[in-house]
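Here is how the chains run, residue by residue.
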Amino acid sequence: MVLFRHIVSSCLIALCCCGSAWAADEDYQNIEVFTDVYSLIRANYVEQVDARQLIYGAIRGMLETLDPHSSFLTPEMYEDMQADTHGEFGGLGIEITVKNNTLLVVSPIEGTPADIAGIKSGDEIIEIDGRSTENIEIMEAVRLLRGPKGESVELLIQRPGVEKSLSFTLVRDIIQIESVKSRLFDNAYGYVRITQFQDRTAAELKEHLAGLRARVGNHELRGLILDLRNNPGGLLDQAVAVGDLFIDHGLIVYTEGRDPQSQLEFSARRDGTEPLYPLIVLINGGSASAAEIVSGALQDHGRAVIMGQQSFGKGSVQTIIPMSDDSGLRLTTARYFTPKGRSIQALGITPDIVVPQLSTAEHMAAADIREADLQNHFLPETQQGREGLKPSADTPEKQQDYQLQRALDLLKGIEIIGKNLTTR
């Protein structure tokens, strides 16, 4: 009961201090209903119920009435979330999402147990170790999929176009996610893919760009492709740092929320800005959050050509609040806006050049799942009045990655036009 009284007292203090339009006595009346229900369950339910389980369930219920990105993290989930930002954890190597109460595979990570076993983008995970995934929370699914290296987990999969369910037994391994990968085309054009925004993404990007320049030799890169496809986002400060590499002044992103502390502006600095070479950013329906911050900023500043498909449309900021029992609260606290005041929430970034992906399932699967499809997503606000490729081949083949081929063709076209204009 001590835990319960502490939580109720904290809730009452928060309600009284938040500036709500409700009168204080109405706040107390609503809390009284909650405490009455809690007491009745504890005294009369057919079986004894753990107090913490009831409180955690009540918190989850509150957050489910908000938006799809606010959630309660048990101590185990909170620890897993922290592992995400460092890019190393024990698991299977599957990027997942929930759509219409269904647990779907966005894509397996190359070289991981899921990839080796043959898990595919678009697969529906029906069961995890015999437990149904119907109406499962995304963080709970993550917790079930992860675990110590060497332990096995059994998945029951429903694959589109396959009548019978498929059973997979996978052995967990240490999953090390490289947030940045790069390669060089024709000894002149750089390609960098950011898989997600972790705590060292900007630093790793600088290292990869320096490595590409070293391979070119005395000459500067003649162009760069920044691939943000199927990038689910990550840390806001890393998105700002990545945008800052290509923009030398002005706003990168700003956020607005009810709390004055959530009203922030992030601007570019001139120091360390990359040379003004042609830049193309690839996005698709799996490009979300931090990936949209970067692509939106580069688009608004006219620094890059955005190519591909409409992005996911997650224009909200989540704050992770640690709790006293090592659990955590993932709460949506603000919306973010591009430098020209565009809200991306449920809309996404529209490419300058729309190019569908004609092949490669891993690039296609996420395009069918967007913020606007998620239950309880909030609508965009009006403007605020403010102005993984395999390294074996040197050239991408069209049947492997049509969007990348188009981006490379465009870089070469820009160079040819530039040379023709200077010779006239």
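Rules of the game
- Residues numbered from 1 in each chain as written.
- Predicted model: local features only at pLDDT ≥ 70, side-chain atom pairs only at ≥ 80, totals over all residues.
- Heavy atoms only, no water.
- Phe/Tyr/Trp six-rings, centres within 6.5 Å; stacked < 30°, edge-to-face > 60°.
- Helix = DSSP H or I, 4+ residues; strand = E, 2+ residues; numbered from the N terminus.
- Buried < 20%, exposed > 50% of the residue type's maximum accessible area, 1.4 Å probe, protein only.
- Salt bridge = Lys/Arg side-chain N within 4 Å of Asp/Glu carboxyl O.
- Contact = heavy atoms within 4.5 Å.
- Pairing = 2+ DSSP bridges.
- Axes fitted to C-alpha atoms, helices over the stretch in contact; angles between N-to-C directions.
- pLDDT = per-residue confidence, 0-100.
- Core = buried A, V, L, I, M, F, W, Y, C linked by side-chain atoms within 4.5 Å.

Considering all chains together, one arrives at three aromatic pairs under this definition. When the centroid spacing of 5.2 Å and the interplanar angle of 15 degrees are considered together, the rings of Tyr254 and Phe337 count as stacked. Of this pair, Tyr254 sits in strand β13 (residues 251-256) while Phe337 is found in strand β18 (residues 328-337), placing the two residues 83 residues apart along the sequence. For Tyr254, a relative accessible area of 0% gives the class buried.

In this section: the pattern of salt bridges. In total, this model carries 17 salt bridges according to the counting rule given. With its nearest N and O atoms 2.9 Å apart, the salt bridge here joins Arg159 to Asp123. Of this pair, Arg159 sits in the loop between β7 (152-158) and β8 (166-171) while Asp123 sits in the loop between α5 (113-117) and β5 (124-128); the two residues are 36 residues apart in sequence, bridging distant segments of the chain. Like Arg159, the residue Asp123 is buried in the burial classification. Between Glu204 and Arg200 there is a salt bridge, with its nearest N and O atoms 3.5 Å apart. Overall, the relative accessible area of 39% leaves Arg200 in the partly exposed class. Counted as one network, the salt bridges with shared partners bring together Arg131, Glu140 and Arg143.

Time to look at the environment of Asn284. By the secondary structure assignment, Asn284 is in the loop between β15 (279-283) and α9 (290-300). Separated by 53 residues in the primary sequence, Asn284 and Asn231 place their C-alpha atoms 8.9 Å from one another.

For α9, the tally of buried residues reaches eleven of eleven residues, placing the bulk of the element in the interior. Regarding α9, the residues found buried are Ala290, Ala291, Glu292, Ile293, Val294, Ser295, Gly296, Ala297, Leu298, Gln299 and Asp300. On its buried face, α9 sits against β12 (223-227), α8 (236-246), β13, β15, β16 (305-308) and β18.

What holds strands together in a sheet is hydrogen bonding between their backbones, with the strands either parallel or antiparallel. Strand order across the open sheet formed by six strands is β10-β11-β12-β15-β16-β19, with mixed pairing between neighbours. At either margin of the open sheet sits one strand with a lone partner, and together these are β10 (180-185) and β19 (353-354). Pairing geometry for β12 and β15, over four bridges, is parallel. Across the sheet, the residue bridging to Leu224 is Leu279, located in β15. Lying over the sheet, helix α7 (residues 201-216) contacts β10, β11 (189-194) and β12, oriented at roughly 20 degrees with respect to β10.

Looking at the protein as a whole, its pLDDT mean stands at 84, while 83% of the residues score no less than 70. Across residues 1-20, where pLDDT falls below 50, the model places 18 contacts with residues more than four positions away in sequence or in other chains. Scored below 50 in pLDDT, residues 383-399 makes 43 contacts in the model with residues more than four places away or belonging to other chains.

Moving on to the pairing of β5. Relative to β7, β5 runs antiparallel, the two being bridged by four bridges. Within the sheet, the bridge partner assigned to Glu127 lies in β7 and is Leu156. With two bridges joining them, β5 and strand β6 (residues 131-132) adopt antiparallel strand pairing. From the neighbouring strand, Glu127 faces β6, where its bridge partner is Ser132. What sits between the antiparallel neighbours β5 and β6 is a turn of two residues, in which Asp129 has the positive phi angle 50 degrees.

Take the nonpolar core next. By size, the foremost hydrophobic cluster in this structure holds 40 residues, and its most contacted members are Phe197, Leu205, Leu226, Leu228, Phe246 and Leu298. For this core, the element with the highest residue contribution is α9, accounting for six residues. Counting 19 residues, the second-largest nonpolar core is a separate cluster that includes Ile96, Val105, Ile136 and Val142.

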